[in-house]
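So you can see what is in the structure, the chains are spelled out below.
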Amino acid sequence: MNTADLFGNVTSPVRWDEPLCDGAVVLRGFALADETALLHALDAVVMQTPFRHLITPGGFRMSVGMTNAGSLGWVSDRRGYRYDPVDPLSGKPWPGLPEAFLQLATAAAAHAGFAGFVPDACLINRYEAGTRLSLHQDRDEHDLGQPIVSVSLGMPAVFLFGGRLRKDAQVRVPLAHGDVVVWGGPARLRYHGVMPLKPGYHEALGGVRINLTFRKAG
Ligand code: SIN
Ligand code: FE2
């Protein structure tokens, strides 16, 4: 029996929820139904505002390539981390949030219990083989009552989800193409990061993993 027989219809992907802790959940496959629209929108954004490697306040070049869509974009340089309405590379506003991005983020947040989430910022992270994101908290946003919605596309990765303190133990959460993690409320300030990406190939994006992180920043 092939997959089509098992599920009846290969175009309606299987989705399920995997709670991580109070306020955090992995929505398995939540973005799969919108895959085509998301990948097109991603292409359009990246044409306008290419990935770049930001410099940390301490002077290190981040290995994750980054760009943004939305009225605010997350940037880092020698002056610090901040949200900026202007792309420092072009001197122009970031591309607007594509409709497909906005709808997915709002739907995922609502599904996870955060109704009314309207992001104004989408940080787009690009991981290549060997690229990692060290443990951090998302705390540059104005209203920490708003959740984070994080969408995985392309190559799988291992997400590290820790506690309120840097030293707290972390769970290792494998994330695949189409998975969405939502964390907010009591989980909003939990430390998290991404283990080094393994080399490989995914039909959607080749050897790359893209993560879309939606936030209400302003
Ligand atoms: C982030 O913490 O900003 C990104 C997490 C991820 O790439 O899954
Ligand atoms: Fe983060």
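Remember, it's a predicted structure, so these values are computed and weren't measured experimentally.

(A) Inspection of the site of ligand 1 at higher detail. Around ligand 1, the structure places Asn125, Tyr127, Leu133, His136, Ser150, Phe159, His192, Val194, Arg209, Asn211, Thr213 and Arg215. A distance of 3.3 Å separates an oxygen atom of ligand 1 from a polar side-chain atom of asparagine 211. Burial of ligand 1 by the protein chains amounts to 98% of its free accessible area of 260 Å². Secondary structure elements with two or more residues in the shell around ligand 1: strand 6 (121–127), strand 7 (133–136), strand 12 (192–194) and strand 13 (209–215).

(B) Representation of the environment of leucine 197 in the model. Within the fold, leucine 197 resides in the loop between strand 12 and strand 13. Sequence-wise, leucine 197 and alanine 129 are 68 residues apart; in three dimensions their C-alpha atoms are separated by 4.8 Å. Leucine 197 has contacts with Tyr127, Glu128, Ala129, Gly130, Thr131, Met155, Pro156, Ala157, Gly207 and Arg209, leaving out every residue within four places of it along the chain.

(C) Here's a closer look at the coordination of the iron ion (ligand 2). Protein coordination of the iron ion (ligand 2) is provided by His136 (NE2), Asp138 (OD) and His192 (NE2), with donor distances spanning 2.1 to 2.2 Å. For the iron ion (ligand 2), the single-chain donor residues occur in sequence as H-x1-D-x53-H. You can see aspartate 138 sitting in the loop between strand 7 and strand 8 (148–154) and its partner histidine 192 sitting in strand 12, a full 54 residues away along the chain. Residue aspartate 138 shares its accessibility class with histidine 192, and that shared class is buried.

(D) Looking closely at the sheet that holds strand 10 (residues 171–175). Ordered by their spatial adjacency, 4 strands build an open sheet running 7-12-9-10, and the pairing between neighbours is antiparallel. Strands at the two margins of the open sheet, each flanked by one partner only, are strand 7 and strand 10. Taken pair by pair, the neighbouring strands of this sheet meet at an average axis angle of 20 degrees, ignoring direction. In terms of strand pairing, strand 9 (residues 157–161) meets strand 12 through 3 bridges, oriented antiparallel. Across the sheet, residue phenylalanine 159 finds its bridge partner in strand 12, namely valine 194.

(E) Broad picture of the nonpolar core. Core analysis: the biggest nonpolar cluster contains 30 residues, and Phe101, Ile124, Val149, Val151, Val180, Leu212 and Phe214 have the highest contact counts within it. Sorting the residues of this core by element identifies strand 2 (24–28), helix 2 (35–48), helix 3 (99–111), strand 6, strand 8, strand 11 (180–183) and strand 13 as the ones contributing at least two each. Look past the residues within four positions of isoleucine 124 in its chain and what remains in contact with it is Leu42, Val45, Phe51, Gly65, Met66, Thr67, Phe101, Ile210, Asn211 and Leu212. Grouped together as the second largest cluster of nonpolar side chains are 26 residues, Leu72, Tyr83, Leu123 and Met155 included.

(F) Highlighting the environment of aspartate 22. Here aspartate 22 lies in the loop between strand 1 (16–21) and strand 2. C-alpha of aspartate 22 to C-alpha of glycine 185: the two residues are 163 residues apart in sequence and 8.2 Å apart in space. Setting aside residues no more than four positions away along its own chain, aspartate 22 makes contact with Pro186 and Ala187.

(G) Representation of the side chain of threonine 213. With respect to the helices, strands and loops of the structure, threonine 213 is situated in strand 13. Given a relative accessible area of 5%, threonine 213 falls into the buried group. If we ignore the near neighbours within four places in the chain, the residues touching threonine 213 are Ala121, Cys122, Leu123, Asn125, Asp138, Ile148, Val149 and Ser150.

(H) A look at helix 2. Compared with the 20 Å implied by 1.5 Å per residue over 14 residues, the 20 Å span of helix 2 between its first and last C-alpha is a close match. For helix 2, every residue scored as buried is listed here: Leu38, Leu39, Ala41, Leu42 and Val45. Buried residues in helix 2, looked at end-on, bunch into an arc of 165 degrees, giving them a common side. Of the exposed residues in helix 2, those oriented more than 90 degrees away from the buried face are Thr36, His40, Asp43, Met47 and Gln48. Buried residues along helix 2 sit against strand 3 (65–70), helix 3, strand 6, strand 8 and strand 13.

(I) Molecular detail of the packing of helix 2 against helix 3. For the pair helix 2 and helix 3, interaxial distance at closest approach is 8 Å and the crossing angle is 130 degrees. One way to sum up the angle between helix 2 and helix 3 is to call them oblique. Relative to helix 3, the crossing made by helix 2 is left-handed. Note on element contacts: helix 3 touches helix 2 through Ala100, Phe101 and Leu104, opposite Ala37, Leu38, Ala41 and Leu42. Partitioned by chemical class, the residues of the contact of helix 2 with helix 3 number 7 nonpolar, no polar and no charged.

So, how was this worked out
- Residues numbered from 1 in each chain as written.
- Chains lettered and ligands numbered in written order.
- Predicted model: local features only at pLDDT ≥ 70, side-chain atom pairs only at ≥ 80, totals over all residues.
- Heavy atoms only, no water.
- Near = heavy atom within 4 Å.
- Polar contact = N/O pair within 3.5 Å; in protein donor to acceptor, adjacent residues only side chain to side chain.
- Areas by Shrake-Rupley, 256 points an atom, 1.4 Å probe, with all protein chains shown as cover.
- Helix = DSSP H or I, 4+ residues; strand = E, 2+ residues; numbered from the N terminus.
- Contact = heavy atoms within 4.5 Å.
- Donors = N, O, S within 2.8 Å, 3.2 Å for Na, K, Ca; no water.
- Buried < 20%, exposed > 50% of the residue type's maximum accessible area, 1.4 Å probe, protein only.
- Pairing = 2+ DSSP bridges.
- Axes fitted to C-alpha atoms, helices over the stretch in contact; angles between N-to-C directions.
- Core = buried A, V, L, I, M, F, W, Y, C linked by side-chain atoms within 4.5 Å.
- Expected span 1.5 Å × (residues − 1).
- Arc of directions from axis to C-beta.
- Parallel < 35°, antiparallel > 145°, perpendicular 65-115°, else oblique.
- Left-handed = near helix turned anticlockwise from the far one by under 90°.
- Nonpolar A, V, L, I, M, F, W, Y, C, P; charged D, E, K, R; others polar.

These values are about where atoms sit, not about what they do.
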